[in-house]
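# Remarks on the overall topology
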Amino acid sequence: MAGRVLSVASECVPLVKTGGLADVVGALPGALAPLGWQMRVLLPAYPGVLAKLARAREVWAANDLFGGPARVVLGEVAGFEVLALDAAHLFARLGGPYSDGSGDFRDNPERFAALSWVAAELARVGDGEGWRPDIVHAHDWQGGFAPAYLRYGEVGVPSVMTVHNIAFQGIAGAERLGALRLPAAAFSPDGVEYWGNISALKAGLVAADAITTVSPRYADELMRPEFGLGLEGVIAARAGVVQGILNGIDDALWNPEADPAIVPYSARAIAGKARNRARLLAEFGLGEVAGPLAILVSRLTHQKGIDLVPEGVAAFLDHGAGLCVLGAGEPWAEAAMRALGARYPGRVGLRIGYDEALSHRMFAGGDAVLVPSRFEPCGLTQMMGLRYGAVPVVAAVGGLADTVIGASPASLAAGAATGVVFHPVDALALAQGLRKLATLYADRAQWGAMQRRGMKADLGWGASAARYAALYEGLLRG
Ligand code: ADP
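Anyway, here's the lowdown on the structure attached to this text. (Residues numbered from 1 in each chain as written. Predicted model: local features only at pLDDT ≥ 70, side-chain atom pairs only at ≥ 80, totals over all residues. Heavy atoms only, no water.)

## Things to note about the overall build of the protein chain
Per the secondary structure count, the protein chain includes 18 helices and 20 strands. Against the 2.2 N^0.38 benchmark of 23 Å for 478 residues, the protein chain shows a C-alpha radius of gyration of 23 Å, consistent with a compact globule. Along the three orthogonal principal directions, the C-alpha set of the protein chain runs to about 65 × 45 × 45 Å. In the protein chain, buried positions account for 59% of the 478 residues. Put simply, of all contacts in the protein chain between residues at least 6 apart along the chain, 70% involve residues at least 24 apart. On the protein chain, the mean spot of the 41 positive side-chain charges and the mean spot of the 45 negative ones are 5 Å from each other. (Helix = DSSP H or I, 4+ residues; strand = E, 2+ residues; numbered from the N terminus. Rg over C-alpha atoms; globule rule 2.2 N^0.38 Å. Buried < 20%, exposed > 50% of the residue type's maximum accessible area, 1.4 Å probe, protein only. Contact = heavy atoms within 4.5 Å. Lys, Arg positive; Asp, Glu negative; His and termini not counted. Charge placed at Lys NZ, Arg CZ, Asp CG, Glu CD.)

Shown next, in the form of structure tokens:
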């Protein structure tokens, strides 16, 4: 069986990205196409988006979409079809997708409700060329109202709600119910109501026909208070329709054998990685590093465990290791990284900012990648590390635990280990994990074997795309 899927999201590579959500939304259409599923991505036309679309044409328009005129432009990018929602009063703004320098846009609930409303409308009547989806697939809170509009509008098109990160829930005051085009009946505990407010994510979780999250472990974690962040009961109540489907990484973009940003190398000829390492040390102005050279490529936030890093890496650095950091985020976390750099001149290199090409050079040059997240729905950097022979050192949470096989006497003897997994998520356990890493690094034969295993691991989209396809088929069969 095959069909049409409308994917609804606020970010999509290569058009707009602040995190892993964009990678997933941009990868799914290409991964599903060989299985017979035509997926179009409905995305806000932020400034610059329309100019990047090939063969663009208008396929839908409305005089009043949440306070202004709007149209949907169908175009192509990177081999898949995008439906860009062009509504100047909502999306023609400077800054990022959600905020400018002075904080989140106050009308974010309305902005993404409008996106979700158009998704439901396209499912109800189709676009001007007669294209109508069989399934609506909503991502995170920005797509969360789409299943709700389908439900209250009795559209009869099944929906999937995917949680990429439950920390963002799309909360709006109850007085905005009418402005959000929701019926009074929706304001109830089995609707959009959440502790007296409206939650877009909850709206999607209760109304969707199926719920997925981006790793099996995170699916289990979400039903527990430590990780569910208030929505654990909502998700547990729907446990029968919840499943975890791991994200993949794009094998074409992330391939050390054919990456234009690096000196190419392969699992067979891994010695070539040394040239990338030497270049990386030079690029960051670091001296010779005898021990492992670790990298950190991350949003600099509490979720990512950045506060654990200064204490967690101290002994590692004192014993001859190095660290290159690329990231941007919360001011305290950027300051902590700056202080670490100042404390270890020649040992710790730092770039504050967002730089895709540099991230490729770091995975190629790094011996290890650190991911000390407190929670991690799936995580991509540990997979990029595996692919590039930068051994992951990860906290035992979510998708990190699902994708890295931690080194232990048993897993090493079995030839299975691909990284270091530490628990609990604190600075002491991180330090112990790094001590284990340094020991593994010193045994060159074992280290090389572990690197090669990670590089050969199946991290692509094939298996996961098949699971999404099976989910869609199940929904169409009813
Ligand atoms: P999250 O979506 O929570 O930020 P993920 O690990 O799922 O975390 O995805 C993060 C993505 O963003 C990865 O592709 C990572 O390489 C990239 N990334 C994060 N910070 C930076 C940065 N400063 N420069 C370049 N790429 C970055």
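Moving on, there is more to tell.
## Describing the pattern of salt bridges
Summed over the entire model, instances satisfying the criterion amount to 18 salt bridges. Between R71 and E58 there is a salt bridge, with the nearest N and O atoms lying 3.6 Å from each other. With a gap of 13 residues between them, R71 in strand β4 (residues 70-77) and E58 in strand β3 (residues 54-62) connect regions that are remote in the sequence. R71 gets classed as partly exposed once you look at its relative accessible area, which sits at 29%. Accessibility expressed as a relative area gives 47% for E58, which makes it partly exposed. A salt bridge links E376 to K304; the nearest nitrogen and oxygen atoms lie 2.8 Å apart. Here E376, found in the loop between β18 (368-371) and α13 (381-387), pairs with K304, found in the loop between β15 (293-300) and α10 (309-318); they are 72 residues apart in sequence, far enough to count as distant. Like E376, the residue K304 is buried in the burial classification. One connected set of salt bridges, linked through shared partners, spans K17, D23 and E356. (Salt bridge = Lys/Arg side-chain N within 4 Å of Asp/Glu carboxyl O.)

## Concerning the site of the ligand
By nearness alone, 19 residues border the ligand, and G20, R299, K304, G353 and L380 come closest of all. Measuring from an oxygen atom of the ligand, one finds a side-chain N or O atom of K304 at 2.8 Å. A total of 560 Å² of accessible area belongs to the ligand in isolation, and the protein chains cover 93% of it. Elements with a contribution of two residues or more to the shell around the ligand: α1 (20-32), β15, β16 (322-329), α12 (356-365) and α13. By residue class, the composition of the shell around the ligand is five nonpolar, eight polar and six charged. Both of domain 1 (4-248 + 462-476) and domain 2 (270-456) provide at least three residues apiece to the shell around the ligand. (Near = heavy atom within 4 Å. Polar contact = N/O pair within 3.5 Å; in protein donor to acceptor, adjacent residues only side chain to side chain. Areas by Shrake-Rupley, 256 points an atom, 1.4 Å probe, with all protein chains shown as cover. Nonpolar A, V, L, I, M, F, W, Y, C, P; charged D, E, K, R; others polar. Domains from an automatic or database assignment.)

## Side note on the side chain of S188
Checked against the element boundaries, S188 lands in the loop between β10 (171-172) and β11 (193-194). The class of S188 is buried, set by a relative accessible area of 17%. A polar contact is formed between the side chain of S188 and the side chain of D190, at a distance of 2.6 Å. Excluding its chain neighbours within four sequence positions, the residues that come into contact with S188 are E193 and K202.

## Examining the sheet that holds strand β19 (residues 391-395)
Here we have six strands laid out as an open sheet, ordered β17-β16-β15-β18-β19-β20, and parallel in their pairing. A single partner strand is all that each edge strand has here, and the edge strands are β17 (348-352) and β20 (420-422). Looking at each pair of strands side by side, their axes are set apart by 15° on average, direction ignored. For β16 and β17, the ladder comprises five bridges, and the chain directions are parallel. Paired with L323 across the strands is V348, a residue of β17. Here α10 sits on the sheet in contact with β15, β16, β17 and β18, set at roughly 165° to β16. Along the sheet face, helix α16 (residues 427-442) touches β18, β19 and β20 and points at about 160° away from the line of β20. (Pairing = 2+ DSSP bridges. Axes fitted to C-alpha atoms, helices over the stretch in contact; angles between N-to-C directions.)

Functional significance is not addressed by these values, which are geometric in nature.
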